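These are the residues of each chain, in order.
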Amino acid sequence: MCDGFDVGISRPCDLLYLPRLEFLPVSISFQIEAISGSGRAGKLVTPHGVVETPVFMPVGTLGSVKGISQDLLEELGVRILLGNTYHLYLRPGVDIVRRMGGLHRFMSWERAILTDSGGFQVFSLNELRKVTEEGATFRSHLDGASHFLSPERSMEIQIGLGADIVMAFDECTEYPADGARVRASMEMTLRWAGRSKRYFEEHKNEVPWGGSSQLPALSSQPVALGSQPPGASRQGLQIPRFARDDNSEPDGDDNSGGADFIGQTQALFGIVQGGMDRELRRESALRTVEIGFPGYAIGGLSVGEPRELTREIVESTLEFLPADKPRYLMGVGTPEEIALYGGMGVDMMDCVLPTRAARHGLLFTSEGRVSIKQVRYAEDSGPLDPACSCFVCGRYSRAYLRHLYASNELLAQVLNTLHNLHFYLETMRRVRESMLGRAQGCT
Ligand SMILES: [Zn+2]
């Protein structure tokens, strides 16, 4: 019986699944490079490359960051993307993604991916859902069809999608909520965390790119299985070599362009809930850590509460999470907030804000927010952000960007999204550089 697993190293029970391997399966490892105050700069090593932390993860809801192709994401320096289980489950469906070799191969993205559990989207459906101890029944926002998600089903779907990091199925408690409701919800999330872990431990070797699904080839020839998974012929398609570089190789010694995933597995993170109650957050954190995960997320925030309260809850939760494990703050926030949380010791963050705002013409710059639709930019020949090194700011004027947006040109969404993502990624890089002691003129 598995009783937990430490960062990257599975316990001997995994040998039941992989009896012929001479090494233990690896999921992720986390190395802290520098500590500055409460913050830390680290490296998260995943089966699909190294992620420098603190990191901002762009949201690729349906296997796509809206408006931006994968090669552009690579050029931006994105190392890890987030995919939404709820959306991918409805379209194109987990069976299709699995048969295409998993989400990495399906969307031609060789770097790391994290999927959420689907819970947040389901709980956002309000009238369209019913939650019981067993799980959540909900109606698709697409066609009204009835579906059911449980800890086990969420794990089954996330294993089929094949992200490097998957999330336990949790209930995102609404805000505001009374004390009894928050406690009951937190207790159920803890029970669901246990169920998620049990199912994951029993099935994690079914991931499309590793584990026991690769075993038939192990006894015959030592091929780089990641480059040609069973049943997922590339039919001539190639993932470009530049998708992974030296820094992205988990082993550091394989620069062949084909990843070797033998014996590697996904990593399951637990999620702390507890609403806006500090005591319940503490209890949720301690009991989630007791269950044992290689990383921990803080969920249930940015649900309508004041920003100052978000910060307080994050701060009081972080102190009860293990210092040597990655910490992921879900669904937060503005550029100022991600810098703040990075400095507080959060290692991973995601938010739809930079991409969604870009599509509405709201751009983040070193001089503050710019609403590019405004007529004041109609004849502004200057760059969007003079201090930005992205190729949008290096090439186009505010006047042109304003024209594209006002004319509803598709290119407006592409360029706006490129800039905003660059701004977010640069914000995190500056926080990281600052903590590494190599900052130049940044706080
Ligand atoms: Zn720019």
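Residues numbered from 1 in each chain as written. Predicted model: local features only at pLDDT ≥ 70, side-chain atom pairs only at ≥ 80, totals over all residues. Heavy atoms only, no water.

## Observations concerning the overall build of the chain
Note the cut-off: Helix and strand assignments follow DSSP, with helices taken as H or I runs no shorter than four residues and strands as E runs no shorter than two, numbered in order from the N terminus. Throughout this description, buried means an accessible area under 20% of the type-specific maximum (1.4 Å probe, protein chains only), exposed means over 50%, and partly exposed covers the range between. Residues count as neighbours in contact if any of their non-hydrogen atoms are within 4.5 Å of one another. Here, Shrake-Rupley sampling with a 1.4 Å probe gives the accessible areas, and only protein chains in the shown set may cover a residue.
Scanning the chain for helices and strands turns up 15 helices and 16 strands. With 443 residues in all, the chain has 56% of them scored as buried. Excluding contacts between residues fewer than 6 apart, the proportion of contacts in the chain whose partners are at least 24 apart in sequence is 68%. In the form shown here, the chain has an accessible surface area of approximately 18,300 Å², with 51% of it arising from carbon and sulfur atoms.

## Digging into the layout of surface pockets
Take a probe with the size of a water molecule and roll it over the atoms, and the empty space left behind shows itself. Keep this limit in mind: Put plainly, a pocket is an open set of points on a 1 Å grid over the protein atoms alone with protein on both sides within 12 Å along at least five of seven lines, a cavity is a set where a 1.4 Å probe fits but cannot get out, and a lining residue has an atom within 4 Å of a point. Grid points are joined across faces, edges and corners, and a volume is the space filled by probe spheres set on the points. As a working rule, the residues Ala, Val, Leu, Ile, Met, Phe, Trp, Tyr, Cys and Pro are called nonpolar, Asp, Glu, Lys and Arg charged, and the rest polar, with Gly in that last group.
Counted as a void, the largest pocket has a volume near 760 Å³. Lining the largest pocket are 35 residues, and of these Asn84, Asp116, Phe120, Gln121 and Val352 lie nearest its centre. Elements with a minimum of two residues in the lining of the largest pocket: helix H2 (85-90), helix H5 (119-123) and helix H12 (353-359). Residues that form the lining of the largest pocket fall into these classes: 13 nonpolar, 15 polar and seven charged.

## Concerning the pairing of strand E8 (residues 136-139)
For clarity, the threshold we go by: Strand pairing is defined by DSSP finding a minimum of two bridges between the two strands.
Going residue by residue along E8, you find Ala136 and Phe138 tucked away on one face and Thr137 and Arg139 left uncovered on the opposite face. Taken together, the three bridges between strand E7 (residues 129-131) and E8 define a ladder with antiparallel strand orientation. The partner of Arg129 across the bridge, within E8, is Phe138. Where E7 folds back onto E8 in an antiparallel hairpin, the turn is made up of four residues. Two successive antiparallel strands, E8 and strand E9 (residues 146-149), enclose a turn made up of six residues, where Gly144 displays a positive phi of approximately 80°.

## Details of the nonpolar core
Basically, it comes down to this: We define a nonpolar core as any set of buried Ala, Val, Leu, Ile, Met, Phe, Trp, Tyr and Cys residues linked to one another through side-chain atoms lying within 4.5 Å.
Counting residues in each nonpolar core, the largest one holds 85 residues, and the members touching the most others are Leu73, Val314, Leu329 and Tyr341. The biggest single contributor to this core is helix H15 (residues 410-435), with 10 residues. Ignoring any residue separated from it by four or fewer positions in sequence, one finds Leu329 in contact with Ile298, Leu301, Val314, Tyr341, Val346, Met348, Met349 and Asp350. Ranked by size, the runner-up nonpolar core spans 20 residues in total, among them Val51, Leu114, Ile271 and Ala297.

## Details of the packing of helix H9 (residues 278-291) against helix H10 (residues 307-318)
Heads up, the condition is: Axes here refer to lines fitted to C-alpha atoms; in helices the fit is confined to the stretch in contact. Angles between the N-to-C directions go from 0 to 180 degrees. Crossings are classed by handedness, with left-handed meaning an anticlockwise turn of the near helix from the far one by less than a right angle and right-handed meaning a clockwise turn.
Orientation of H9 relative to H10, taken along the N-to-C sense of each, is 35°, at an axis distance of 9 Å. Relative to H10, the crossing made by H9 is right-handed. From H9, Arg278, Arg281 and Ala285 reach across to H10, where they touch Glu312, Ile313, Ser316 and Thr317. Across the contact of H9 with H10, the residue classes tally to two nonpolar, two polar and three charged.

## What about the coordination of the zinc ion?
The condition that has to hold: Shown as donors are all N, O and S atoms within 2.8 Å of a metal ion, widened to 3.2 Å for Na, K and Ca; because water is not in the atom set, sites may appear incomplete. The rule is simple: four donors are tetrahedral if all their angles sit between 85 and 135 degrees, four are square planar and six octahedral if opposite donors span more than 155 degrees and the others lie between 65 and 115, and anything that fits none of that is irregular.
Bound to the zinc ion are the protein donor atoms Cys388 (SG), Cys390 (SG), Cys393 (SG) and His419 (ND1), situated 2.1 to 2.3 Å from the metal. Considering all four donor atoms around the zinc ion, the spread of angles at the metal, 98 to 116°, places the coordination shape in the tetrahedral class. Sequence spacing among the residues donating to the zinc ion works out to C-x1-C-x2-C-x25-H. Separated by 29 residues along the polypeptide, Cys390 in the loop between strand E16 (368-371) and helix H13 (391-395) and His419 in helix H15 bring together distant segments of the chain. Of the two residues, Cys390 and His419, neither departs from the other in class, the shared state being buried.

## Examining a nonpolar patch on the surface
Test applied: Exposure above 30% relative accessible area and the lack of any salt bridge qualify a residue for a patch; like charges then connect within 9 Å, and the nonpolar side chains Val, Leu, Ile, Met, Phe, Trp and Tyr within 5 Å. The working definition used for a salt bridge is a side-chain nitrogen of Lys or Arg within 4 Å of a carboxyl oxygen of Asp or Glu.
Among the surface-exposed residues, Ile96, Met100 and Phe106 lie close enough to one another that they form a single nonpolar patch of about 250 Å² accessible area. Mapping Met100 onto the fold places it in the loop between helix H3 (94-99) and helix H4 (103-106).

## Quick look at the packing of aromatic side chains
As a reminder, the rule being used: Aromatic rings from Phe, Tyr and Trp, with only the six-membered ring used for Trp, were paired whenever their centres fell within 6.5 Å, and each pair was classed as stacked if the ring planes differed by under 30 degrees, edge-to-face if by over 60, and tilted otherwise. Put simply, a charge is over a ring when the Lys NZ or the Arg CZ is close to the ring centre, within 6 Å, and near the line of the ring normal, within 35 degrees.
All chains considered together, the criterion is met by eight aromatic pairs. Between Phe293 and Tyr296, the aromatic rings sit 6.1 Å apart at their centres with planes inclined by 90°, giving edge-to-face as the arrangement. Assigned by exposure class, Phe293 and Tyr296 land together as buried. One aromatic cluster is present, built from ring pairs that chain together Phe56, Phe364 and Tyr424. Above the ring of Phe293, the side-chain terminus of Lys197 is found at 5.9 Å from the ring centroid. Looking at Arg282, its charged tip hangs above the ring of Phe320, at a distance of 5.9 Å from the centre.

## Section: H10
Operational definition: Multiplying 1.5 Å by the helix residue count minus one yields the expected span of that helix.
End to end, H10 covers 17 Å across 12 residues, agreeing with the expected 16 Å (1.5 Å per residue, within 8%). Those residues of H10 lying buried are Thr310, Ile313, Val314, Ser316, Thr317 and Leu318. Looking at the buried side of H10, the elements it contacts are strand E11 (267-272), H9, strand E12 (296-298), strand E13 (327-329) and helix H11 (335-344).

## Concerning the pattern of salt bridges
A side chain with one charge may pair with a side chain of the opposite charge, provided their charged atoms come close. One pass over the full model with this rule turns up 24 salt bridges. One salt bridge in this structure joins Arg183 and Glu283, with 2.7 Å as the shortest N-O distance. A residue pair is termed long-range when its members are at least 10 positions apart, and Arg183 in helix H7 (residues 179-203) and Glu283 in helix H9 qualify at 100 residues. Residue classification places Arg183 among the partly exposed residues on the basis of a relative accessible area of 32%. A salt bridge links Lys204 to Glu201; its shortest N-O distance comes to 3.1 Å. Per residue, the accessibility class of Lys204 equals that of Glu201, and both read buried. Through salt bridges that share partners, Glu33, Lys43, Glu52 and Arg432 make up one connected network.

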